[in-house]
Amino acid sequence: MTVTKDEKKRPKGERAGKKRGTLRETVGLIAIGVVIALLLQAFVIGQFWIPSESMQNTLQIGDRVIVNKLHGSADRGDIIVFRGWDGSDTIKRVIAVGGDTVECCDAKRRISVNGVPLDETYIHPDDYPSKRKFKTKLAAGKLWVMGDHRTASSDSREEYNGPVDEDDVIGRAFAIVWPFSRATILSRPETFARVR
């Protein structure tokens with residue numbers, strides 16, 4: 001560090017005090033940064049690690065996604081993290097929301113929401129919309145969720161699972177951030193725009 005002529009004129013103790021003040025300021029700024037980061041992690045955004053194959057091929061085992069915890073209400077097509085049926089954090093796609101009637105399957109083996117068949121291009125290529133037939137009208141505040149790899153997914157179709165409470169939603173996954181080779185934004189499939 002270069003000492004200016006004015007600083008040379010100052011007593012040694014004054015220069016040391018200035019260094020201590022700068023050090024305190026730096027430590028204070030780092031502490032504030034850590035607190036802000038922790039608050040963001042707790043209340044605004046979070047990360048979720050994908051533990052299973054139930055969302056393939058959209059999400060692979062080991063992917064890390066960023067979750068927006070200030071998402072507002074979940075909508076059809078969103079990928080959400082929620083407190084699952086066993087109490088652990090779970091990730092699935094919202095197929096239908098409160099007030100909707102969700103049904104499987106039509107003559108082309110498609111799932112319908114409010115009578116509108118879904119073209120689910122995001123489903124695992126070796127899979128089909130559902131082996132199990134169902135028809136359910138969702139109560140207000142409920143969400144029908146399913147994995148994208150249907151034969152490898154435990155979801156709302158199972159009798160012991162059923163619809164998810166909106167209050168159990170932690171956030172909406174909006175991006176894959178790891179591994180970098182798979183980094184992408186997770187958008188809502190267009191097929192859901194046709195559902196009313």
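Look above for the structure.
Residues numbered from 1 in each chain as written. Predicted model: local features only at pLDDT ≥ 70, side-chain atom pairs only at ≥ 80, totals over all residues. Heavy atoms only, no water.

(A) Seen up close, the packing of aromatic side chains. Tallying each qualifying case throughout the model produces four aromatic pairs. The ring of Tyr122 has Arg93 lying over it, and the distance from NZ or CZ to the ring centre is 4.0 Å. Directly above the aromatic system of Tyr128 lies the positively charged group of Arg109, at a separation of 4.8 Å from the ring centroid. (Phe/Tyr/Trp six-rings, centres within 6.5 Å; stacked < 30°, edge-to-face > 60°. Lys NZ or Arg CZ within 6 Å of the ring centre and 35° of its normal.)

(B) Expanded view of the sheet that holds strand E5 (residues 101-104). Here we have four strands laid out as an open sheet, ordered E7-E6-E5-E8, and antiparallel in their pairing. Looking along the sheet, the strands with just one partner apiece sit at the ends: strand E7 (116-117) and strand E8 (134-137). Two elements, E5 and E8, share four bridges in a ladder whose sense is antiparallel. Paired with Thr101 across the two strands is Lys137, which belongs to E8. (Pairing = 2+ DSSP bridges. Helix = DSSP H or I, 4+ residues; strand = E, 2+ residues; numbered from the N terminus.)

(C) A look at the nonpolar core. If you look at the biggest cluster of nonpolar residues, it comprises 16 residues, and the most contacted ones within it are Ile95, Val102, Ile111, Val113, Leu118, Phe134 and Trp144. If you list the elements that add at least two residues to this core, you get strand E4 (89-97), E5, strand E6 (111-113) and strand E9 (142-146). Not counting residues within four places of it along the chain, the set of residues in contact with Val102 comprises Ile95, Ala96, Ile111, Ser112, Val113, Phe134, Lys135, Thr136 and Trp144. Counting residues in each nonpolar core, the second largest holds 13 residues, with Met55, Val67, Ile91 and Ile176 among its members. (Core = buried A, V, L, I, M, F, W, Y, C linked by side-chain atoms within 4.5 Å. Buried < 20%, exposed > 50% of the residue type's maximum accessible area, 1.4 Å probe, protein only. Contact = heavy atoms within 4.5 Å.)

(D) Structural detail: the side chain of Glu120. Mapped onto the fold, Glu120 is located in the loop between E7 and E8. In this structure the side chain of Glu120 is engaged in a polar contact, spanning 2.6 Å, whose partner is the side chain of Tyr122. Those residues within four positions of Glu120 in sequence are excluded, and the remaining contacts are Ile95, Ile111, Pro129 and Arg150. (Polar contact = N/O pair within 3.5 Å; in protein donor to acceptor, adjacent residues only side chain to side chain.)

(E) Looking closely at the pattern of salt bridges. Per the stated rule, a full pass over the model turns up 11 salt bridges. Residue Asp75 is joined to Arg188 by a salt bridge in which the shortest nitrogen-to-oxygen separation is 3.9 Å. Taken together, the residues Asp75 in the loop between strand E2 (64-68) and strand E3 (79-83) and Arg188 in the segment after strand E12 (184-185) connect sequence positions 113 residues apart. A relative accessible area of 42% means that Arg188 is categorised as partly exposed. Here Asp100 and Arg76 are joined by a salt bridge, their closest N and O atoms 2.7 Å apart. Separated by 24 residues along the polypeptide, Asp100 in the loop between E4 and E5 and Arg76 in the loop between E2 and E3 bring together distant segments of the chain. Each of Asp106, Arg110, Asp119 and Arg194 takes part in a single network of salt bridges with overlapping partners. (Salt bridge = Lys/Arg side-chain N within 4 Å of Asp/Glu carboxyl O.)

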